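# Fold and contact review
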Amino acid sequence: AAHDPAGLRLRKEEESPAIGGAQWQHLQNDGSLASAAAVLSTQLAEMATYLMVWGEAGNIRFMPEAIYFITELALAADPEELEELYGSSAGIEHVDVFRSGKFLSKIIRPMYNVIFDEWYQHVDVDQGNQKDKKKLHPGLENFMPPDVANYDDWNELFCDPARMVEGLLLHDGTRLFDLPHDRRFSAIARVDWQVSLEAAETKTHREIHSLWGVYASTHRIWLLHAVLFLVGICLVTGDPPSSADGNEAIMGQDKFERLAAVGLLVPMHALLWGSARWQVTGRILRRQAPVSCLGRSIVKAIW
């Protein structure tokens, strides 16, 4: 059916593209039957395309942003450009040579192969029930190491337009987003997913199994409890007696000095929090903003 894919208007040559080459547009409906039919046709095309992509996506369904991304490219694709993906134009005149299964084998399976290789070595057959049994890499039996990527990390990549534009590379080293918007769907088959989904380039959060991870997630609770505890101690503790040699207590001679000393918890907390954040921050963010990641704690401590 003839419809405007995904409700996207055509961009003029002198007009700068939006991030990622696409943007949401309101469907125009002037109240006429023709306009209402056009809107319903576009919405039906969007829902049908999404369901077809979702139906073939397999485990890629755990990355919903990737499903939305592929659906948007499919809706915006130029039918005359699909020969690169399907081996012939998808037009009606070539229906006799059209072959199904290319979407699964050329788009979904290469993506999943990278995901599989991140965790597993190979697939065995369980002799007990004769079912597939995936063999994990050595050291992954108990829990995943902090720098091993998972579905959340890859899904986050497709949530970030700026990172996605820079990160999705074709086998020849060029970027997918350097191509015109209507040619990107057919070019997905040439995306180098091994490079584009590399854990070091996609993982922004390290799931570490140590107290650093606990402190990074619960640091506010520890700070609040420490402040309340020390403030309570300062309020209920009496002033120390004067020393004969003139020395003063380390926390001061009266409760106001002791309460002021409690403020030292803030820079101590900032230093510990910055260290914890550095431990749980992925390598891609460490490389992109090392001063921000490491220096934030120093700035907060000084402040």
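Residues numbered from 1 in each chain as written. Predicted model: local features only at pLDDT ≥ 70, side-chain atom pairs only at ≥ 80, totals over all residues. Heavy atoms only, no water.

### Looking at the overall build of the chain
Across its full length, the chain holds 14 helices and two strands. Residues classed as buried in the chain amount to 31% of the 303 residues present. Here the analysis covers contacts within the chain between residues at least 6 apart in sequence; of these, 60% occur between residues at least 24 apart. When the accessible area of the chain is evaluated, it comes to approximately 19,000 Å², of which 61% is carbon and sulfur surface. (Helix = DSSP H or I, 4+ residues; strand = E, 2+ residues; numbered from the N terminus. Buried < 20%, exposed > 50% of the residue type's maximum accessible area, 1.4 Å probe, protein only. Contact = heavy atoms within 4.5 Å. Areas by Shrake-Rupley, 256 points an atom, 1.4 Å probe, with all protein chains shown as cover.)

### With respect to the packing of helix α10 (residues 211-236) against helix α12 (residues 265-280)
In the contact formed by α10 and α12, the axes pass within 8 Å of each other and the chain directions differ by 170 degrees. Viewed along their axes, α10 and α12 adopt a mutual orientation that is roughly antiparallel. Residues Trp212, Gly213, Tyr215, Ala216, His219, Leu223, Ala226, Val227 and Leu230 of α10 form the contact with α12, whose participating residues are Leu265, His269, Leu272, Trp273, Ser275, Ala276, Gln279 and Val280. Partitioning the contact of α10 with α12 into residue classes produces twelve nonpolar, five polar and no charged. (Axes fitted to C-alpha atoms, helices over the stretch in contact; angles between N-to-C directions. Parallel < 35°, antiparallel > 145°, perpendicular 65-115°, else oblique. Nonpolar A, V, L, I, M, F, W, Y, C, P; charged D, E, K, R; others polar.)

### Regarding the pattern of salt bridges
Note on pairing: side chains with opposite charge can pair once their charged atoms come close. According to the stated counting rule, one finds five salt bridges in the structure shown. With a closest N to O distance of 2.8 Å, Glu207 and Lys203 form a salt bridge. Given the relative accessible area of 31%, Glu207 is considered partly exposed. For Lys203, a relative accessible area of 2% corresponds to the buried category. Residues joined by salt bridges that share partners form a network here, namely Asp153, Lys203 and Glu207. (Salt bridge = Lys/Arg side-chain N within 4 Å of Asp/Glu carboxyl O.)

### Observations regarding the confidence of the model for the chain
With 73% of its residues at a pLDDT of 70 or more, the chain shows a mean pLDDT of 77. Taken element by element, the predicted model of the chain shows its lowest mean pLDDT in helix α14 (residues 290-302) (55) and its highest in helix α2 (residues 64-76) (91). The low-confidence segment residues 1-9 (pLDDT under 50) makes 23 contacts with residues lying over four places distant or belonging to another chain. (pLDDT = per-residue confidence, 0-100.)

### What to know about the environment of Val148
On the secondary structure map, Val148 appears in the loop between β2 (132-136) and α5 (151-159). Given a relative accessible area of 13%, Val148 falls into the buried group. Sequence separation between Val148 and Glu118 is 30 residues; the distance between their C-alpha atoms is 7.1 Å. In contact with Val148, not counting residues within four places along its chain, are Glu118, Trp119, Leu140, Asp153 and Lys203.

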